[in-house]
Amino acid sequence: AIPPSTPHRKPSGRMDHMAAHGSQRWKGLVISHIEGKGRAVLTTRSFKAGEVLCDYHGEVVTSDQTHAATSLKETDFMFFYKNGAGEKFCIDAHLDKCPCHPDRETFGRLINHSRKRPNIRPRLFSLKFESGERDVLLFMAIRDIKAGEELLFNYGVNRKNYCGEGLDLEWND
């Protein structure tokens, strides 16, 4: 993996977090198990608002490629987005360990949802690598985060998205 150079739009926070995209060695995070919820990402240090915490790491494919290869029930661990040119893409993070980092589990795919209490948000950046420019989705703190907090972001869904079937989904607050 090749560490990125300076992005076109630089997020606030420490640039060593930007370099961590290439190595997947994000500092201050740990994967934990929360009773009744499953795996989660917790902080081991504090983060300031605007600071980069980690990325959503996986294979970038076109939206059409994704829809052709998966069923609706297989869309867990996929992040759909439009790039600056309006093209539809997906970051497919199905695998616990990606092919480019087979020795480590990535954090972004394990961040849980909260519509009411998010403390991070995803932001799309275009980074230059030796192999060329690539879209990277970085999670940034939307407020100061204390050590020991669970990372949460709004997936953009709510209970009404499930046609009445999701009204009892506690995770979908």
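Looking at an unreviewed UniProt entry, one finds the protein chain named SET domain-containing protein and attributed to Acanthochromis polyacanthus.

Draft legend 1. The arrangement of the overall build of the protein chain in detail. The helix and strand tally for the protein chain stands at two helices and ten strands. Mapped from its N terminus to its C terminus, the protein chain presents α and β elements in the order α-β-β-β-β-α-β-β-β-β-β-β. Buried positions account for 42% of the 173 residues belonging to the protein chain. Sequence separation of at least 24 residues holds for 63% of the intrachain contacts in the protein chain that already meet a minimum separation of 6. When the accessible area of the protein chain is evaluated, it comes to approximately 9900 Å², of which 51% is carbon and sulfur surface.

Draft legend 2. How the structure looks around the sheet that holds strand β3 (residues 52-56). The strand order β3-β9-β8 describes an open sheet built from three strands, whose pairing is antiparallel. Single-partner strands in this sheet number two, and they are β3 and β8 (120-129). This sheet shows a mean twist of 40° between the axes of neighbouring strands, independent of strand direction. Where β8 lies against strand β9 (residues 132-141), ten bridges are found, and the strand directions are antiparallel. In the strand pairing of β9, Ile 120 is matched with Ala 141.

Draft legend 3. Layout of the sheet that holds strand β5 (residues 78-82). A sheet is described by the order of its strands in space; here three strands give the open sequence β4-β6-β5, paired in antiparallel fashion. In the strand order of this sheet, the two ends are held by β4 (59-62) and β5, each with one partner. Along the sheet, successive strands turn relative to each other by an average axial angle of 25°, direction set aside. Bridge count for β4 against strand β6 (residues 88-92) is four bridges, and the pairing is antiparallel. The partner of Val 60 across the bridge, within β6, is Ile 91.

Draft legend 4. Representation of the nonpolar core. Among the nonpolar cores identified, the biggest contains 30 residues, and Leu 29, Leu 53, Ile 111, Ile 120 and Leu 151 are the most heavily contacted of them. Mapped onto this core, the elements with two or more residues apiece are β3, β5, β6, β8 and β9. Broken down by element, the residue count for this core peaks at six residues, all from β9. When residues no more than four places from it in sequence are discounted, the contact partners of Leu 151 are Leu 29, Val 41, Thr 43, Leu 53, Ile 111, Asn 112, Asn 119, Ile 120 and Ile 145.

Draft legend 5. Quick peek at the environment of Lys 116. Along the polypeptide, Lys 116 turns up in the loop between β7 (112-113) and β8. Considering only alpha carbons, one finds Lys 116 and Leu 152, 36 residues apart in sequence, at a separation of 9.6 Å.

Draft legend 6. A look at the packing of aromatic side chains. The full count for this structure, using the stated rule, is six aromatic pairs. Taken together, a centroid distance of 6.5 Å and an interplanar angle of 70° make the contact between Tyr 56 and Phe 139 edge-to-face. Linking Tyr 56 in strand β3 with Phe 139 in strand β9, this pair joins segments that are 83 residues apart in sequence. Here the two residues Tyr 56 and Phe 139 agree in accessibility, since each one is buried. Taking the ring centre of Phe 47 as reference, the NZ or CZ of Arg 45 above it sits at 3.9 Å.

Parameters and conventions
- Position numbers for residues count from 1 along each chain, tracking the sequence in the order it is written.
- Local features in this predicted model are restricted to residues whose pLDDT is 70 or higher, and side-chain atom pairs enter the listing and the counts only when it is 80 or higher, whereas totals over whole chains, interfaces and linings include all residues.
- With hydrogens and water excluded, all non-hydrogen atoms of the structure serve as input to the side-chain values.
- Note on conventions: DSSP H or I runs of at least 4 residues are helices, E runs of at least 2 residues are strands, and numbering of each starts at the N terminus.
- Relative accessibility thresholds used throughout: buried, under 20% of the residue-type maximum; exposed, over 50%; partly exposed, between the two (1.4 Å probe, protein chains only).
- Only heavy atoms matter for contacts: two residues are in contact if any of them lie within 4.5 Å across the pair.
- Accessibility throughout is a Shrake-Rupley quantity obtained with a 1.4 Å probe, and a residue counts as covered only by protein chains that appear here.
- In short, DSSP must find at least two bridges between two strands for them to pair.
- Axes here mean lines fitted to C-alpha atoms, for a helix over just the part in contact, with angles spanning 0 to 180 degrees between N-to-C directions.
- Here the nonpolar core consists of buried residues drawn from Ala, Val, Leu, Ile, Met, Phe, Trp, Tyr and Cys, with membership extended through side-chain atoms lying within 4.5 Å.
- Within 6.5 Å between ring centres, the rings of Phe, Tyr and Trp (the latter by its six-membered ring) count as paired, and their orientation is classed by plane angle as stacked under 30 degrees, edge-to-face over 60, tilted in between.
- Counting as a charge over the ring demands two things of the Lys NZ or Arg CZ atom: a distance within 6 Å of the ring centre and an angle within 35 degrees of the ring normal.

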